[in-house]
Amino acid sequence: MHLSGWELWVAAALLLAGGELLHGAFVLFAFALACLPAALGAAVGMGIAGQLGVFATAAVIEVPVLARWAHRRRARRLATNAEAIVGKRVRVLKPVGENDDGVVLLTGEHWKARSLAGAIAPGTEAQVIQRDGLCLLIVPLERGSP
């Protein structure tokens, strides 16, 4: 079976796009898109040097454009679920220590917590600094903190 030039470029685009599904950084996708103008060049009878030139030009243009788009997309992502817990205020229900887990109240739910700043007594307001699995790592809030 003999494949023409444009068929090879489309096959390369499909392989690169499939690889992007595994990779996820938009680099392979940029090269997959760059294969399409080269396939068009092959379909209209352009030589291999012209096809490679079109591919290279398209890749040089598309890689930074897609990288910028991916960066903006990641930057505007909202913190959800577990990511949104960090920075929240909690009320200590059972004493919390650096080596002893206690219990805190976060948005009406009881959570296991561990202190990063010594013992914290019940009734104290604290802030979540980090999450370690299902355990919250907290520090006490200073008086007058927002």
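Preceding this paragraph is the structure being described.
Here's what I pulled together on the structure shown here. Each chain carries its own residue numbering, running from 1 in the direction its sequence is written. Only residues with pLDDT of 70 or above have their local features reported here, since the model is predicted, and side-chain atom pairs are shown and tallied only from 80 upward, although totals for entire chains, interfaces and linings are computed over all residues. Side-chain measures here rest on the full set of heavy atoms in the structure, leaving out hydrogens and waters.

**Some words on the packing of helix α1 (residues 5-23) against helix α2 (residues 27-43)**
Right, on to step 1. Where α1 meets α2, the axes come as close as 8 Å, and the angle between the chain directions of the two elements is 170 degrees. Judged by the angle between their axes, α1 and α2 are roughly antiparallel. Where α1 approaches α2, its residues G5, W6, W9, V10, A12, A13, L16, A17, G19, E20 and H23 are matched on the opposing element by V27, L28, F29, F31, A32, C35, L36, A38, A39, A42 and A43.
Right, on to step 2. Residues are grouped as follows: Ala, Val, Leu, Ile, Met, Phe, Trp, Tyr, Cys and Pro are nonpolar; Asp, Glu, Lys and Arg are charged; all remaining types, including Gly, are polar. When its residues are assigned to classes, the contact of α1 with α2 shows 18 nonpolar, three polar and one charged. Comment: axis = line fitted to C-alpha atoms, over the contacting stretch for helices; angle = value between 0 and 180 degrees taken between N-to-C directions. Numbered from the N terminus, helices here are DSSP runs of H or I no shorter than four residues, and strands are runs of E no shorter than two. The cut-offs work like this: below 35 degrees is roughly parallel, past 145 is roughly antiparallel, 65 to 115 is roughly perpendicular, and the gaps in between are oblique. By definition in these notes, contact holds between two residues if any of their heavy atoms fall within 4.5 Å.

**Quick notes on α2**
An α-helix turns once every 3.6 residues. As a result, residues three or four positions apart point the same way.
Right, on to step 1. For α2, spanning 17 residues, the distance from its first C-alpha to its last is 25 Å, which sits close to the expected 24 Å at 1.5 Å a residue.
Right, on to step 2. Within α2 the residues assigned to the buried category are A30, A32, A34, C35, A38, A39, G41 and A42.
Right, on to step 3. After α2 finishes, the residue G45 shows a positive phi value of roughly 95 degrees. Expected span of a helix: the number of residues minus one, times 1.5 Å. Only protein chains enter the accessibility calculation, which uses a 1.4 Å probe. A residue is then buried if its area is under 20% of the maximum for its type, exposed if over 50%, and partly exposed in between.

**Structural notes on the environment of A38**
Right, on to step 1. Take A38: it is sitting in helix α2.
Right, on to step 2. Assessed through its relative accessible area of 0%, A38 is described here as buried.
Right, on to step 3. The spatial distance from the C-alpha of A38 to the C-alpha of F55 is 5.2 Å, given a sequence separation of 17 residues.
Right, on to step 4. Not counting the four nearest positions on each side in its chain, A38 is found in contact with W9, Q51, V54 and F55.

Purely spatial values, then, with no claim about function.
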